[in-house]
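# Results of the structural survey
The lines below spell out each chain.
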Amino acid sequence: MKTILAAYFGVKKGSGSSILSALHDLPSVPWLIRSKIVKHLQIISVLQFVISFLVMGIGCSLLLMYMFCTDCWVIAAIYTAWLIHDWNTPKQGGRRSTWVRNWTMWKYFRDYFPIRLIKTHNLLPSRNYIFGYHPHGIFCFGGFCNFGTEATGFSKIFPGIKPSLATLAGNFRLPVLRDYLMSGGICPVNRNSIDYLLSSNGTGNAVVIVIGGAAESLDCAPGMNSVTLKKRKGFVKLALKHGADLVPVYSFGENEVYKQLIFDDDSWWRTIQKRLQKILGFAPCLFHGCGLFFPESWGLVPYCKPITTVVGEPITVPKIEEPSQDVIDMYHAMYIRSLKSLFDNYKTRFGLNESDILQIQ
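For clarity, every value in this text was computed on a predicted model and none was experimentally measured. (Residues numbered from 1 in each chain as written. Predicted model: local features only at pLDDT ≥ 70, side-chain atom pairs only at ≥ 80, totals over all residues. Heavy atoms only, no water.)

### Topic: the sheet that holds strand S10 (residues 298–299)
- One open sheet holds the 3 strands; their spatial order is S8-S9-S10, and the pairing between them is antiparallel. Each having just a single partner strand, strand S8 (259–260) and S10 make up the two edges of the open sheet.
- With 2 bridges connecting them, S8 and strand S9 (residues 287–290) associate as antiparallel partners. Considered in S9, the bridge of glutamine 260 is made with phenylalanine 287. (Pairing = 2+ DSSP bridges. Helix = DSSP H or I, 4+ residues; strand = E, 2+ residues; numbered from the N terminus.)

### Focus: the nonpolar core
- Core analysis: the largest hydrophobic core is formed by 55 residues, its most contacted members being Trp106, Phe109, Phe113, Phe131, Phe141 and Phe147.
- Among the elements that make up this core, the one with the highest residue count is helix H3 (residues 31–67) (7 residues).
- Once residues within four sequence positions are removed from consideration, tryptophan 106 is found in contact with Gln48, Val100, Arg101, Phe144, Thr149, Ala151 and Tyr180.
- Residues Ile211, Leu229, Ile336 and Leu342 belong to the second largest nonpolar core, which totals 33 residues. (Core = buried A, V, L, I, M, F, W, Y, C linked by side-chain atoms within 4.5 Å. Buried < 20%, exposed > 50% of the residue type's maximum accessible area, 1.4 Å probe, protein only. Contact = heavy atoms within 4.5 Å.)

### Examining the side chain of glutamate 150
- For glutamate 150, the location among the structural elements is in the loop between helix H7 (141–147) and helix H8 (154–157).
- A distance of 3.4 Å separates the side chain of glutamate 150 from the backbone nitrogen of phenylalanine 154, its partner in a polar contact.
- Not counting chain neighbours up to four residues away, the residues in contact with glutamate 150 comprise Arg101, Asn102 and Ser155. (Polar contact = N/O pair within 3.5 Å; in protein donor to acceptor, adjacent residues only side chain to side chain.)

### Description of the packing of helix H10 (residues 191–199) against helix H12 (residues 234–242)
- At a closest axis distance of 10 Å, the pairing of H10 and H12 adopts a crossing angle of 35°. Seen along the crossing, H10 lies across H12 with a hand that is right-handed. Contacts from Arg191, Ile194, Asp195, Leu198 and Ser199 in H10 reach Leu238, Lys241 and His242 in H12.
- Its residues placed into classes, the contact of H10 with H12 shows 3 nonpolar, 2 polar and 3 charged. (Axes fitted to C-alpha atoms, helices over the stretch in contact; angles between N-to-C directions. Left-handed = near helix turned anticlockwise from the far one by under 90°. Nonpolar A, V, L, I, M, F, W, Y, C, P; charged D, E, K, R; others polar.)

### Things to note about the sheet that holds strand S4 (residues 187–188)
- Strand order in the open sheet made by the 7 strands is S1-S11-S7-S2-S5-S3-S4, with mixed pairing throughout. Both outer strands of the open sheet, strand S1 (115–119) and S4, are each paired with one neighbouring strand and no more.
- In terms of strand pairing, strand S2 (residues 129–134) meets strand S7 (residues 245–252) through 6 bridges, oriented parallel. Bridging from a neighbouring strand, tyrosine 129 pairs with aspartate 245 of S7.
- Packed onto the sheet, helix H14 (residues 325–346) meets S2, S7 and strand S11 (307–311) and runs at close to 35° relative to S7.

### Concerning the UniProt feature "transmembrane region" (unreviewed entry) in the protein
- UniProt's entry tags residues 43–68 with the feature "transmembrane region" (unreviewed entry), counted in the numbering of this structure.
- Between the end C-alpha atoms of residues 43–68 there is a gap of 35 Å, over a span that is 96% helix and 0% strand. (UniProt positions renumbered as here; feature names shortened; annotations may be inferred.)

### Comments concerning the side chain of glutamine 42
- Counting through the fold element by element, glutamine 42 comes out in helix H3.
- By relative accessible area, which is 9% here, glutamine 42 ends up buried.
- Ignoring any residue separated from it by four or fewer positions in sequence, one finds glutamine 42 in contact with Tyr108, Asp111 and Tyr112.

### Examining H14
- If you check H14, its first and last C-alpha atoms are 32 Å apart, about what 22 residues at 1.5 Å a residue would give, namely 32 Å.
- Where H14 is buried, its residues contact S2, strand S6 (226–227), H12, S7, S11 and strand S12 (359–360). (Expected span 1.5 Å × (residues − 1).)

### A word on the environment of tryptophan 82
- Following the sequence through the fold, tryptophan 82 ends up in helix H4 (residues 73–85).
- Not counting residues within four places of it along the chain, the set of residues in contact with tryptophan 82 comprises Arg95, Arg178 and Asp179.

### Some thoughts on the packing of aromatic side chains
- Applying the stated rule across the entire model yields 31 aromatic pairs.
- Measuring from centroid to centroid gives 6.2 Å for tryptophan 106 and phenylalanine 109, while their planes differ by 80°, and the two rings are edge-to-face. Residue tryptophan 106 and its partner phenylalanine 109 are both found in helix H6 (residues 104–112); the two are separated by 3 residues, about one turn of the helix.
- Considering the side-chain rings of tyrosine 258 and phenylalanine 287, the 4.9 Å spacing of their centres and the 65° angle between planes classify their relative orientation as edge-to-face. Here the residue tyrosine 258 occupies a position in the loop between S7 and S8, and phenylalanine 287 occupies one in strand S9, the gap between them amounting to 29 residues.
- On the basis of relative accessibility, which here comes to 2%, the residue tyrosine 258 falls in the buried class.
- Seen from the ring of phenylalanine 158, lysine 119 lies directly overhead, with NZ or CZ sitting 5.7 Å from the centre. (Phe/Tyr/Trp six-rings, centres within 6.5 Å; stacked < 30°, edge-to-face > 60°. Lys NZ or Arg CZ within 6 Å of the ring centre and 35° of its normal.)

Printed below as a string of structure tokens:
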């Protein structure tokens, strides 16, 4: 059991064999039981990500405040002092950990759905890129697995390219959660952070921006093929400012893993959701997956639906310090055409019908 746990968390023990090989070393355990153990580890891997996103930041903040009222106040004070000293690190490239990105746990996370990464064109390490990720989904599982870990082999598929998944800046104000996110190469989705990565960090950088953001998550549900993009042009302006090529990315299946109650735009429930979104920075979605012990029940465990992330053809973008609105609109239109083409070329390969269209909102 110690060997299994060590392999699960990516800690080398002895020969450093994975948990699968550890299980095969137990001949007395029937194959069916071994497969159930692997399935349970996959569920745990996904749940720890969901729970970490929902409660780690708030929980650690409350714990830190509580520690100030106990005999452990010195530890809390030291950590707080270090937190203040380290406050700007997320805006300056973060603190990426190759060890964390390669944890064995992420492979179980990948295999639960499963998640795949598809390359359509080569990317040059001599250029910088802005990846536009679509759709957001509820938790952006495909974005995290492909660009926040090495579970799908991003560095091998795109050698010389270093991805940085951009997420809510508020997450980096929360103790422990900020370090957890930075270890995966995740950065705040704000101008200072993106400017640093595209201008002060050399070349071969790929900033991954979920263009639709929190607003798009309110409209994600199984069978929905719509993205919030029509009025989102800030990422194009950033690309022009830094001469970073634009790359459309679409994850087929991202919207299928949770069911959500979607309210009409003119309903007071949707009005409350939008107001909370502006206050909190994220959308309070009413969603459910399946139960932990009974798949037929409701719970936080996402449904086992394949997610395939396709990285499209890069759009070469010139460097223009102060681009005009006409130039921004032109490259924004080019990006929309490229995204639609990517969707149409691959939709029938990943479970959609030829008649399905991508709706741009």
